[in-house]
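Fold and geometry: a report
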Amino acid sequence: MKIKTNVNFGNIRQTYLFSEIGSRVRAYENANPDAKIIRMGIGDVTLPLPKTVTDAMIKACEEMGVRETFRGYPPEYGYAFLREAIAVHYRSLGVEVDTDTIFVSDGAKSDLGNIVDILGNNPVIIPDPVYPVYVDSNTMSGNSITYINGTKENGFLPLPSELTEQIEGSVIYLCSPNNPTGASYDKDSLKAWVDYALKTGSLIIYDSAYEAFISRDSIPHTIFEIEGADICAIEICSFSKFAGFTGVRCGWTLIPSSLMAGDVSIMALWKRRQATKFNGVSYPVQRAAAAALSKEGISACESNIAYYKENARLITELLDEKGIFYTGGKNSPYVWMECPEGCGSWEFFDRLLNEVQIVGTPGEGFGKGGDRYFRLTAFGSLENTKEAVRRLKEFL
Ligand code: MLT
């Protein structure tokens, strides 16, 4: 063919991090078919959906099979019942939001990648280590990225005061509780970022996919708890980790109507983008998501989260015992540990897989700042987590 392709793809890694891990694990499995591998790599949930959620999904499927209740294309920005349920969720966090500012999606990952469509080639500020989607989607669009380093010294919570220069009109990505480090900004630190964005005319893209794991009052569940965020921030959230929807797919993006770039409304651009490129989330999935936000649904989801948090506690208890530095595990399903004896993160990955048959995620996959760190997830079963802790106790 004589077409041109997007040359920016030459600037991202050949394979997506979790695809690379998957292929290494498959190769090991093929060579060792009897090995009892414990998976603590990708942050994928393992508990089944709460009954109240599956009941709602089944009922919605049945409605789709009856002429009178059948529905075709869903409303492009989400059914009113779900947008309202999400607004009520924000109200429970002490934040009033307009339902028209909530856009239902098939998950946070899609929106985090797609948001780049409506933004020009602005300077981009991204913490390192970080969820690879922010870096890859901006690189695919040819944007130049300034990294701000998460380190042991700043507890993997970099602040704008650590930037070597003030960058005007930038797009800043923040994720709290953070993927991969599990570290969480408190109100003052998040306010420092909001103040920075306001001072420099920048936009914050705030990924709150893990907010349901927060158990400390001083940690904000949403950036809109911070004054001024409504004129400088977009929030992207998900039902994946809160309600176990990794396989169901549903999330949302909240774009305040007061968010303006000059005289251009960011919300208007997103509406236009979504209307053109997205046909909405299926009715049964949106009913299931709304059920997850019902009183009964929230309580079932919270008990699943408590289960995962107990796994995280077991992992951090071991690291405390061994005197290994880590972040996360308290307000997060992720434990971000320092590799022992200065071991590199892929080397540690291979050693754990080969010697104790545990799969984790090498920190380097999240950026240079992760090259001596390793991420373990608490999303497995309690039984497997206990077994992994037993194996790690001997190994570390
Ligand atoms: C992860 O393991 O980092 C997450 O599961 C990835 C995701 O949510 O897309």
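In the block above lies the structure referred to throughout.
Presented here is a report on the structure given in the accompanying data block. (Residues numbered from 1 in each chain as written. Predicted model: local features only at pLDDT ≥ 70, side-chain atom pairs only at ≥ 80, totals over all residues. Heavy atoms only, no water.)

1. A short note on the site of the ligand
Neighbouring the ligand are the residues Phe18, Ile42, Gly43, Tyr131, Asn179, Tyr210, Lys241, Tyr334 and Arg375. One of the backbone nitrogen or oxygen atoms of Gly43 is found 2.6 Å away from an oxygen atom of the ligand. Here an oxygen atom of the ligand and a side-chain polar atom of Tyr131 are 2.5 Å apart. Within the complex, the protein chains bury 84% of what would otherwise be the 270 Å² of accessible surface of the ligand. Its residues assigned to classes, the shell around the ligand comprises 5 nonpolar, 2 polar and 2 charged. (Near = heavy atom within 4 Å. Polar contact = N/O pair within 3.5 Å; in protein donor to acceptor, adjacent residues only side chain to side chain. Areas by Shrake-Rupley, 256 points an atom, 1.4 Å probe, with all protein chains shown as cover. Nonpolar A, V, L, I, M, F, W, Y, C, P; charged D, E, K, R; others polar.)

2. What to know about the sheet that holds strand S12 (residues 334-338)
As summarised here, the arrangement of the 4 strands in space is S11-S12-S15-S14, forming an open sheet in which the pairing is antiparallel. Two strands close off the open sheet at either side, each with one partner strand: strand S11 (326-328) and strand S14 (361-362). Two elements, S11 and S12, share 3 bridges in a ladder whose sense is antiparallel. Note that in S12 the partner of Tyr326 across the bridge is Met337. (Pairing = 2+ DSSP bridges. Helix = DSSP H or I, 4+ residues; strand = E, 2+ residues; numbered from the N terminus.)

3. Some thoughts on the environment of Phe213
Within the element layout of this structure, Phe213 appears in the loop between strand S6 (203-207) and strand S7 (233-238). Sequence separation between Phe213 and Gly182 is 31 residues; the distance between their C-alpha atoms is 9.8 Å. Beyond its immediate chain neighbours, meaning those up to four positions away, Phe213 contacts Lys241, Ile305, Tyr308, Lys309, Lys330, Asn331, Ser332, Pro333 and Phe379. (Contact = heavy atoms within 4.5 Å.)

4. Considerations on the side chain of Ser202
Mapping Ser202 onto the fold places it in the loop between helix H6 (187-200) and S6. Among the polar contacts made by the side chain of Ser202, one reaches the side chain of Thr200 at a distance of 2.7 Å. The contact partners of Ser202, leaving out residues within four places of it in the chain, are Ile167, Glu168, Gly169, Ser170, Ile172, Ala197 and Cys232.

5. Some remarks on the pattern of salt bridges
Close approach of charged atoms allows side chains with opposite charge to pair. Per the stated rule, a full pass over the model turns up 18 salt bridges. The partner of Arg313 in a salt bridge is Glu310, with the nearest N and O atoms 2.9 Å apart. Note that Arg313 and Glu310 are positioned in helix H10 (residues 295-322) at a spacing of 3 residues, about one turn of the helix. Judged by relative accessible area, which is 38%, Arg313 ranks as partly exposed. Linked by salt bridges that have partners in common, Glu387, Arg390, Arg391 and Glu394 make up one network. (Salt bridge = Lys/Arg side-chain N within 4 Å of Asp/Glu carboxyl O. Buried < 20%, exposed > 50% of the residue type's maximum accessible area, 1.4 Å probe, protein only.)

6. Concerning unusual backbone geometry
A cis amide bond links Asp128 with the next residue in sequence, Pro129, at an omega value of 5°. Omega for the peptide link from Asn179 to Pro180 comes to 20°, which places this bond in the cis form. The residue Arg249 is not glycine, and still its phi comes out positive at about 75°. When you line up the elements, Arg249 lands in the loop between helix H7 (240-243) and strand S8 (251-254). Overall, the relative accessible area of 30% leaves Arg249 in the partly exposed class.

7. Some remarks on empty space enclosed by the protein
Once rolled over the atoms, a probe with the size of a water molecule shows which space is left empty. Applying the stated criterion to the full structure yields 4 cavities of 30 Å³ or more. The volume enclosed by the largest cavity comes to roughly 70 Å³. Considering the residues around the largest cavity, the lining is formed by Pro127, Asp128, Pro129, Gly150, Phe156, Leu157, Pro158, Cys175, Asn178, Thr181, Ala183 and Tyr185. Considering only residue class, the lining of the largest cavity consists of 8 nonpolar, 3 polar and 1 charged. (1 Å grid on protein atoms, 1.4 Å probe; cavity = no way out; pocket = protein on both sides within 12 Å on 5 of 7 lines; lining within 4 Å. Points joined across faces, edges and corners; volume = space filled by probe spheres on them.)

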